[in-house]
Amino acid sequence: MNNFSRRRFLGVTALAAGTFVTGRAGASTQHVPAVVVGSGYGAAVAALRLGEAGVRTLVLEMGQRWDRPGPDGKVFCGMLDPDRRSMWFKNRTEAPVNGVLFLDLANRPIQRYAGVLDRVNFPNMGVYVGRGVGGGSLVNGGMAVVPDRDYFTRQFPTVDADEMYTRFFPLANRMLRVNNIPGAYFEASDYYRYSRLSRTLAGRAGFDTAFVPNVYSFEHMAAEERGEAPKSALGTEVIYGNNHGKFTLDQGYLAEAANTGHVTVAALHQVTRIRRNNAGYALTVREITPDGALVAEKHVTCDHLFLGAGSLGSTELLLRARDSGDLPDLAAEVGEGWGPNGNVMTARNNHLWHPTGFRQSAIPTLAISDPGRHVFAEVAPVPAGIETYVSMYLAITRSEERAKFVYDPSTDKAVLQWRQGQSAESLAAAKGTFDRINDANGTTYRYDVFGGGKAFADDFCYHPLGGAVLGKATDDHGRVKGYPNLYVTDGALVPGSLGVNPFVTITALAERNLATILTEDVHP
Ligand code: FAE
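Just so it is clear, the model here is predicted, and its values are computed rather than measured. Sequence order as written defines the numbering, with residues in each chain counted from 1. With the structure being a predicted model, the display of local features is reserved for residues of pLDDT at least 70 and the display and counting of side-chain atom pairs for 80 or more, all residues being used for whole-chain, interface and lining totals. The side-chain figures draw on all heavy atoms in the structure; neither hydrogens nor water molecules are used.

Overview of the overall build of the protein
Thinking step 1. Each helix corresponds to a stretch of at least 4 residues labelled H or I by DSSP, and each strand to a stretch of at least 2 residues labelled E; elements are numbered beginning at the N terminus. Of the regular secondary structure elements, the protein holds eleven helices and 19 strands.
Thinking step 2. Its C-alpha atoms give the protein a radius of gyration of 22 Å, within 12% of the compact-globule value 24 Å for 524 residues.
Thinking step 3. Overall, the C-alpha framework of the protein stretches about 70 × 45 × 45 Å when taken along its three principal axes.
Thinking step 4. Taken across its 524 residues, the protein has 62% of its residues classed as buried.
Thinking step 5. Of the contacts formed within the protein by residues at least 6 apart in sequence, a portion of 74% connects residues at least 24 apart.
Thinking step 6. Per-residue accessibility takes into account occlusion by the displayed protein chains alone, with areas from the Shrake-Rupley method and a 1.4 Å probe. If you sum the accessible surface of the protein, you get close to 19100 Å²; carbon and sulfur atoms cover 52% of it.
Thinking step 7. Measuring between centres, the 52 positive side-chain charges of the protein sit 3 Å from its 53 negative side-chain charges. Just to be clear, the radius of gyration here is over C-alpha atoms, and the globule rule we use is 2.2 Å times residues to the power 0.38. Residue exposure (1.4 Å probe, protein chains only): buried if accessible area is under 20% of the type maximum, exposed if over 50%, otherwise partly exposed. Only heavy atoms enter the contact rule, under which two residues are in contact if any of them lie within 4.5 Å. For the purpose of counting charges, residues Lys and Arg are taken to be positive, whereas Asp and Glu are taken to be negative. His and the chain ends are not included. Note that the charge is assigned to NZ on lysines, CZ on arginines, CG on aspartates and CD on glutamates.

Looking at the packing of aromatic side chains
Thinking step 1. Here the aromatic set is Phe, Tyr and Trp, taking the six-membered ring for Trp, and pairing holds for ring centres within 6.5 Å; pairs whose planes are under 30 degrees apart are stacked, those over 60 apart are edge-to-face, and all others are tilted. As enumerated under the stated definition, the model contains 21 aromatic pairs in all.
Thinking step 2. Summarising the aromatic geometry, the rings of Phe-306 and Tyr-487 are spaced 4.5 Å apart at their centres and angled 15° between planes, so their arrangement reads as stacked. Taken together, the residues Phe-306 in strand E9 (residues 294–307) and Tyr-487 in strand E19 (residues 486–488) connect sequence positions 181 residues apart. Each member of the pair, Phe-306 together with Tyr-487, is buried.
Thinking step 3. Put simply, the rings of Tyr-185, Phe-186, Tyr-192, Tyr-194 and Phe-211 pair up and form one aromatic cluster.
Thinking step 4. The lysine or arginine in question, Arg-398, covers the ring of Tyr-151, its NZ or CZ lying 4.1 Å from the ring centre. Cation placement over rings: the criterion is NZ of Lys or CZ of Arg within 6 Å of the ring centroid and within 35° of the ring normal.

Overview of the sheet that holds strand E3 (residues 117–122)
Thinking step 1. Strand pairing follows a simple DSSP-based rule, namely that at least 2 bridges must link the two strands. Spatially, three strands are ordered E3-E4-E18 in an open sheet, and the strand pairing comes out mixed. Looking at strand neighbours, the two that pair on one side only are E3 and strand E18 (460–461), the edges of this open sheet.

Here's the deal with unusual backbone geometry
Thinking step 1. Positioned with a positive phi, Asn-341 is a non-glycine residue whose angle comes to about 55°.
Thinking step 2. In this fold, Asn-341 is placed in the loop between helix H9 (310–323) and strand E10 (343–349).
Thinking step 3. With a phi close to 55°, His-374 is a non-glycine residue in the positive phi region.
Thinking step 4. Note that His-374 resides in the loop between strand E11 (366–370) and strand E12 (375–380).

Notes on the pairing of E12
Thinking step 1. Among the six residues of E12, six are classified as buried, and the element is accordingly described as predominantly covered.
Thinking step 2. Side chains of E12 alternate between two faces, with Val-375, Ala-377 and Val-379 and Phe-376, Glu-378 and Ala-380 buried alike.
Thinking step 3. With four bridges connecting them, E11 and E12 associate as antiparallel partners. Along E12, the bridge assignment pairs Ser-369 with Phe-376.
Thinking step 4. Counted along the chain from E11 to the antiparallel partner E12, the turn is four residues long, and its residue His-374 has a positive phi close to 55°.
Thinking step 5. In this structure, E12 lies alongside strand E13 (residues 390–397), joined through six bridges in antiparallel fashion. Its bridge partner being in E13, Phe-376 is matched across the sheet by Ile-396.

A few points about the UniProt feature "domain: Glucose-methanol-choline oxidoreductase C-terminal" (unreviewed entry) in the protein
Thinking step 1. UniProt positions are given in the numbering used here, feature names are shortened, and annotations may be inferred rather than shown by experiment. When the UniProt feature table is mapped onto this chain, "domain: Glucose-methanol-choline oxidoreductase C-terminal" (unreviewed entry) is found at residues 461–510.
Thinking step 2. Helix makes up 16% of residues 461–510 and strand makes up 8%, while its end C-alpha atoms are separated by 22 Å.

Examining the environment of Val-415
Thinking step 1. In this fold, Val-415 is placed in strand E15 (residues 413–416).
Thinking step 2. Under the relative-accessibility criterion, Val-415 is labelled partly exposed at 24%.
Thinking step 3. Placed 223 residues apart in sequence, Val-415 and Tyr-192 show a C-alpha to C-alpha distance of 40 Å.
Thinking step 4. Ignoring anything within four residues of it in the chain, the contact list for Val-415 reads Phe-122, Pro-123, Lys-404, Phe-405, Val-406 and Asp-408.

Here's the deal with the site of the ligand
Thinking step 1. Being near a molecule or strand, for a residue, means having at least one of its heavy atoms within 4 Å of it. Neighbouring the ligand are 37 residues; Glu-61, Gly-136, Met-143, Gly-491 and Phe-503 lie closest to it.
Thinking step 2. Under this definition, polar contacts are N or O atom pairs within 3.5 Å; protein pairs additionally need one hydrogen-donor-capable and one acceptor-capable atom, and for neighbouring residues in sequence, both atoms have to be side-chain atoms. At 2.7 Å, a side-chain N or O of Glu-61 approaches an oxygen atom of the ligand.
Thinking step 3. Contact between the ligand and Gly-136: an oxygen atom at 2.9 Å from a main-chain N or O atom of the residue.

A look at the packing of helix H4 (residues 161–175) against helix H11 (residues 503–522)
The relative placement of two packed helices is expressed as an angle between their axes plus a distance between the axes.
Thinking step 1. With axes taken as lines fitted to C-alpha atoms, and helix axes fitted only over the stretch in contact, angles between N-to-C directions fall between 0 and 180 degrees. In contact at an axis separation of 8 Å, H4 and H11 are set at 115° when each is read in the N-to-C sense. With respect to their mutual orientation, H4 and H11 come out roughly perpendicular. Relative to H11, H4 is oriented so that their crossing is right-handed. In this structure, H4 uses Glu-163, Met-164, Arg-167, Phe-168, Phe-169, Leu-171, Ala-172, Asn-173 and Met-175 to contact H11, whose residues at the interface are Val-504, Thr-505, Thr-507, Ala-508, Leu-509, Glu-511, Arg-512 and Ala-515.
Thinking step 2. Per-class residue counts for the contact of H4 with H11 are ten nonpolar, three polar and four charged. Here the word oblique covers every angle except those under 35 degrees (roughly parallel), over 145 (roughly antiparallel) and from 65 to 115 (roughly perpendicular). When the near helix sits turned anticlockwise from the far one by under a right angle, the crossing is termed left-handed; a clockwise turn instead gives a right-handed crossing. By the convention adopted, Pro, Cys, Tyr, Trp, Phe, Met, Ile, Leu, Val and Ala count as nonpolar, Lys, Arg, Asp and Glu as charged, and the other residues, Gly among them, as polar.

Some thoughts on the nonpolar core
If you look at soluble globular proteins, the nonpolar side chains tend to sit buried side by side.
Thinking step 1. By convention a nonpolar core is built from buried Ala, Val, Leu, Ile, Met, Phe, Trp, Tyr and Cys residues, the set being connected through side-chain atoms within 4.5 Å. Within the largest apolar cluster, 94 residues are counted, with the highest numbers of intra-cluster contacts made by Val-35, Ile-274, Leu-283, Leu-305 and Trp-338.
Thinking step 2. Broken down by element, the residue count for this core peaks at ten residues, all from H11.
Thinking step 3. For Leu-305, the contacting residues outside a window of four places in its chain are Val-35, Val-37, Ile-274, Tyr-281, Leu-283, Asn-485, Leu-486 and Tyr-487.
Thinking step 4. With 69 residues, the next largest nonpolar core counts Ile-181, Val-212, Leu-234 and Ala-362 among its residues.

So, in structure tokens, the structure goes:
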């Protein structure tokens, strides 16, 4: 079933999920056997597998449920005409691309609202994350890549790679409905002229390219191009949500979890504090309206607590708990091992006889591989609606640089201690690859695309990884050290670098961990 529309699927989820209603502040505490914090990849896996095992589970997600159309009839706003739905409580959009030709094409003032994309700004690093039921799946580029096995084994020496590569990666790919662009469509579509040009220019520099699998339905995309389906990827939609075509977690794992009858999803519910309570855990939860007004402070207790609030969210909850004395026995490694997956973006200028096309699919499908420098550079679209002659890339590099989060009691937040120089190794690798492409083609970098007039953007990332690393802050299955029945199930487990886009790995690892936790801890 590839021709899906968001509203049809989300209707099922919303009905099946029911509601989590306890009255206003001061209402009595609700007890549930299991709580999952967040609703991204790791959280969604936990919710489904707990539900299937018959465990009554409450999913608490701070973002909105994205199933109702706005006044324009669309659930999500577009990238070129962002409104309040675009970003999480900002006065102005903070899109990664600042503009082209020094025109601020992308960013504009918006009303503060529970929008779908957040950029969390730390001193030297901005981190993009999704906010809503479905987490990062709502805003990401859908690129679904299984990591190189040798590198995976280096990052996760205690995980059985055979089991991952024969059982859990294939399972994750199936569950997420990963598909590949048909070669004939790629070669013929006007919307992939930009990728074909980058392939040609990379080839002249001696680099191979490879297709990148995706969870966006290429059947739907081809129907968009034929005019038989509403345009989403071909209508410049991606980082503020796709109204059609992309198979997100709310349509997959989370809808299936709700259909078990044991899982309830509460949107606009942010967990602010976790403490010990008898044999389990007590949570403080803040419910807000989409405009940010406090609805109620709620209290929930549970026997098993799964943290799936993402690298930033899960790490912050744990650090706050350790350093404020709520869970004082948490390991010293909590907050450590964070990295941006070596993310570096860059943009090149093409010759006038090499247009990239004013029509560009927002879903990337091709990557340039530079094995010598360990650079995997995805060809990103510049869907500006005009010819820009710009080629843009997200380079994923391998780097050993790691940073830690420190809890700041004055703001009650975890602050990332990433230093500017820590991106130098990644930047040099990406520069090595693209210098060679420029040299082979007589082309140059663009300095007008990213903030600060820089050719290489190394001060933001899409792939935050680490903070509660597997085997360090947790045991080898994500059980938090020192606290039974408390688990981390998301990107916080991944030690800073994977070499490729992370969501397939986060999903597969969560499947692996849940399989053991369910048999050994929940239903021993
Ligand atoms: P994540 O999906 O981030 O979900 C965490 C959820 O927890 C969010 O919904 C939060 O709102 C929620 N939350 C946080 N704190 C709390 C709290 N205290 N209480 C309640 N809820 C909370 O976690 N990856 C790829 O593999 N391929 C791509 O093409 C790709 N493109 C990307 C493009 C963009 C613009 C962005 C932002 C990311 C992209 N990523 C991509 C990264 C990918 O989406 C990310 O690695 C995963 O979403 C991380 O999954 P987690 O389960 O760790």
